[in-house]
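# A structural walkthrough
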Amino acid sequence: MKFYEKTWFLWLSLIFFAPVGIFLMWKQQRFAKVPRVILAVLFVFVFLVEVAVATSETPPPTTPAAQTSQQKGELQAPETPAEEPQGQAQAEKPLSAQATSAKGDASAPAVAPVAAEPTNSPVASGTLKVHFIDVGQADSILIQSGETAVLVDAGNNGDGNLVVNYLKAQGVTKLAAAIATHPHEDHIGGMDDVLNAFAVDKFYMPNATHTSQTFEDMINAANASGAKKIQVKAGLVMDVPGITGTFLAPVSSSYDDLNNHSAVLKITHGSTSFLLTGDAENISENEMLRNGNLQSTLLKVGHHRSDSSTTAAFLKAVSPKFAVISVGQENTYGHPTDAVLSRLVNAGVQVYRTDQAGTIIATSDGTTITMDKVASEVKANAPPANNTSAPATTTPKPSPAPEPAPTPARKPEPTPVPAESQAQHYVINTSSKKFHYPTCRSLPTKNRGDRDTTRDELINAGYSPCKICNP
Ligand SMILES: [Zn+2]
Ligand SMILES: [Zn+2]
């Protein structure tokens, strides 16, 4: 007797693959005709249910296959970065609603959601999104996880509407926290507009003030908003649901330079982390170095990559995989210093610049950070190329200010002689104690330093002007 003629095989095939079982029943003339037909109908039904269950099962998002493909896709722009969260949100909402109503039927009535409270569109479950909004020579960073949204800085005065509209386009209706890193206009300029436009739970700022109208506007808006005001100090944990953030600076209570007052926020999501440094300069960086805990997957480069920030020691401690530089194309501050860029590129960091890529979105799934743009084409020790060939993405870009046509990285024309009290970019030779315009033809290759400072300050520090470029 063959195995397929045995009764146990018949039952197994009926249960797990009815067509075979039914075929065998007829072939072997099992049972009387009526029970045979009844059994056949019954197991056809069982078979259909099995097929339905097998095809409706979707693989969980964290299968090894999904992860591998995500890691592979890391360096490429995701196909639909902006659409993804909404799609997920729609897919998830009915599910959770069903779960709630099912529970509610069976047992105690479900807790009714507070209807009046506005809610943000949630980002894809388990992900953290960090948007480096293109606000030119300024900072504005939106962090989203679940339904929680946090804003770090709000660009220049003229960027208020742009930032507000960008947030609205992301489905943000309220902010769990707004953080003003320090009172410079390029960080808090649009904050009053943000505080007026959204419900803000908590308003974080360091203990630093400014006499400017911009600062006053922000404080008035913060008072009117009803947000809880919290003073930032190193070690403070950001208290918002669903986002893990700790402030690493300011460490001291006072500094000569407002930039060093910058609130520095480290966000961790799974094994990935983001270090948002405001305009913190070397003094603050050195304090943070002493406190440790700097290692981060992504570094928002301090002070728009001015040479006064991102020291070699700091960069080594952070050892980021990605760096984002929020910088404008028109650069009146002389900030695109090759020194910082060289340090980043030499350290093998993938550099992303808002002046080249526009708004940049970094998405973490807890293990991997995916950038929605390609890294800038920069070579070590070379001036930055103007990479205008960033790939097209579906990122909604909020009507940016008209951008000037890209210009060659280094203009050969003579630099106008600046007023002596006006800060600008100089290249110094720390050994010969000479200082130069960055366009000088005899720039030092060794002992080179880059300074954003005034002529007087350099002379006071013991430097003398180069005889060739006469700075
Ligand atoms: Zn600043
Ligand atoms: Zn700044």
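Once that is clear, we can look at the pattern of salt bridges. With the rule as written, the count across this model stands at five salt bridges. Asp307 is the partner of Arg451 in a salt bridge, and the nearest nitrogen-oxygen pair spans 3.9 Å. Taken as a pair, Arg451 in strand E18 (residues 448-453) and Asp307 in the loop between strand E11 (298-300) and helix H11 (312-318) lie far apart in primary sequence, 144 residues in all. Taken together, the salt bridges that share partners define one network made up of Asp307, Arg343 and Arg451.

Its place among the elements puts Ala154 in the loop between strand E3 (148-152) and helix H6 (160-169). Look past the residues within four positions of Ala154 in its chain and what remains in contact with it is Asp139, Ser140, Asp159, Val163, His187, Gly190, Met191 and Val194.

Scanning the model with the defined rule gives six aromatic pairs in all. Ring geometry for Tyr204 against Phe247: centres 5.4 Å apart, planes inclined by 40°, an arrangement best described as tilted. Pair noted here: Tyr204 is in strand E5 (residues 199-206) and Phe247 is in strand E8 (residues 244-249), with a separation of 43 residues, a long-range link. The class for Phe247 is buried, based on a relative accessible area of 0%. Taking 6.2 Å as the distance between ring centres and 15° as the angle between the ring planes, the aromatic pair formed by Tyr426 and Tyr437 counts as stacked. Here Tyr426 is found in strand E16 (residues 424-429), whereas its partner Tyr437 is found in the loop between strand E17 (434-436) and E18, with 11 residues between them in sequence. Residues Tyr426 and Tyr437 agree in their burial class; the two are buried. An aromatic cluster of three or more residues is present, and its members are Trp11, Phe31 and Phe43. The residue whose ring lies beneath Arg36 is Trp26, and the NZ or CZ to ring-centre distance is 5.2 Å.

With that settled, consider unusual backbone geometry. The peptide bond linking Ala249 to Pro250 adopts the cis configuration, its omega dihedral lying at 5°. You can see Pro250 is positioned in the loop between E8 and strand E9 (264-269). With phi around 50°, Gln29 is a residue other than glycine that occupies positive phi space. Note on placement: Gln29 falls in the loop between helix H2 (18-27) and helix H3 (33-56).

Chain-level pLDDT for the chain is 79 on average; 75% of the residues reach the 70-or-more range. Taken together, the stretch residues 382-420 has pLDDT below 50 and engages in 69 contacts with residues farther than four places along the chain or on a different chain.

Take the coordination of the zinc ion (ligand 1) next. Coordination angles at a metal have ideal targets, namely 109.5 degrees for four tetrahedral donors and 90 or 180 degrees for six octahedral donors. Surrounding the zinc ion (ligand 1) are the protein donor atoms His182 (NE2), His184 (ND1), Asn259 (OD1) and Asp279 (OD), which sit 2.1 to 2.2 Å from the metal. Because the angles between the four donor atoms bound to the zinc ion (ligand 1) fall within 85 to 171°, the donor set is best described as irregular. Between the zinc ion (ligand 1) and the zinc ion (ligand 2), a separation of 3.7 Å is found, and both are coordinated by Asp279. With a gap of 77 residues between them, His182 in the loop between strand E4 (174-179) and helix H7 (185-188) and Asn259 in the loop between E8 and E9 connect regions that are remote in the sequence. The pair His182 / Asn259 is uniform in exposure class, with both members buried.

Moving on to helix H10 (residues 282-291). In an α-helix, one turn spans 3.6 residues; hence positions three or four apart end up facing the same way. Within the sequence span of H10, burial applies to Ser284, Glu285, Glu287 and Met288. The arc that holds every buried residue of H10, seen down its axis, measures 160°, which confines them to one face. Summarising the contacts, the buried residues of H10 are in contact with E8, E9 and H11. Gly292 sits one or two positions beyond H10 and adopts a positive phi of about 75°.

On the protein side, the zinc ion (ligand 2) has Asp186 (OD), His187 (NE2), Asp279 (OD) and His304 (NE2) as donor atoms, found 2.1 Å from it. Every donor counted, the four donor atoms about the zinc ion (ligand 2) form angles of 86 to 143° at the centre, which fits irregular coordination. As a motif over one chain, the donors of the zinc ion (ligand 2) read D-H-x91-D-x24-H. Looking at His187, the relative accessible area reads 0%, which means it is buried.

Time to look at the sheet that holds strand E2 (residues 141-145). With mixed pairing, eight strands are arranged side by side in an open sheet as E6-E5-E4-E3-E2-E1-E14-E15. The open sheet has two edge strands, strand E6 (228-232) and strand E15 (369-371), and neither has a second partner. Strand after strand, the sheet turns through a mean of 20° between neighbouring axes, direction not considered. One ladder, built from five bridges, connects strand E1 (residues 128-132) with E2; its direction is antiparallel. Residue Val130 lies in a different strand from E2, and its bridge partner there is Ile143.

Calculation rules
- Residues numbered from 1 in each chain as written.
- Chains lettered and ligands numbered in written order.
- Predicted model: local features only at pLDDT ≥ 70, side-chain atom pairs only at ≥ 80, totals over all residues.
- Heavy atoms only, no water.
- Salt bridge = Lys/Arg side-chain N within 4 Å of Asp/Glu carboxyl O.
- Helix = DSSP H or I, 4+ residues; strand = E, 2+ residues; numbered from the N terminus.
- Contact = heavy atoms within 4.5 Å.
- Phe/Tyr/Trp six-rings, centres within 6.5 Å; stacked < 30°, edge-to-face > 60°.
- Buried < 20%, exposed > 50% of the residue type's maximum accessible area, 1.4 Å probe, protein only.
- Lys NZ or Arg CZ within 6 Å of the ring centre and 35° of its normal.
- pLDDT = per-residue confidence, 0-100.
- Donors = N, O, S within 2.8 Å, 3.2 Å for Na, K, Ca; no water.
- Tetrahedral: all angles 85-135°; square planar, octahedral: opposite > 155°, others 65-115°.
- Arc of directions from axis to C-beta.
- Pairing = 2+ DSSP bridges.
- Axes fitted to C-alpha atoms, helices over the stretch in contact; angles between N-to-C directions.

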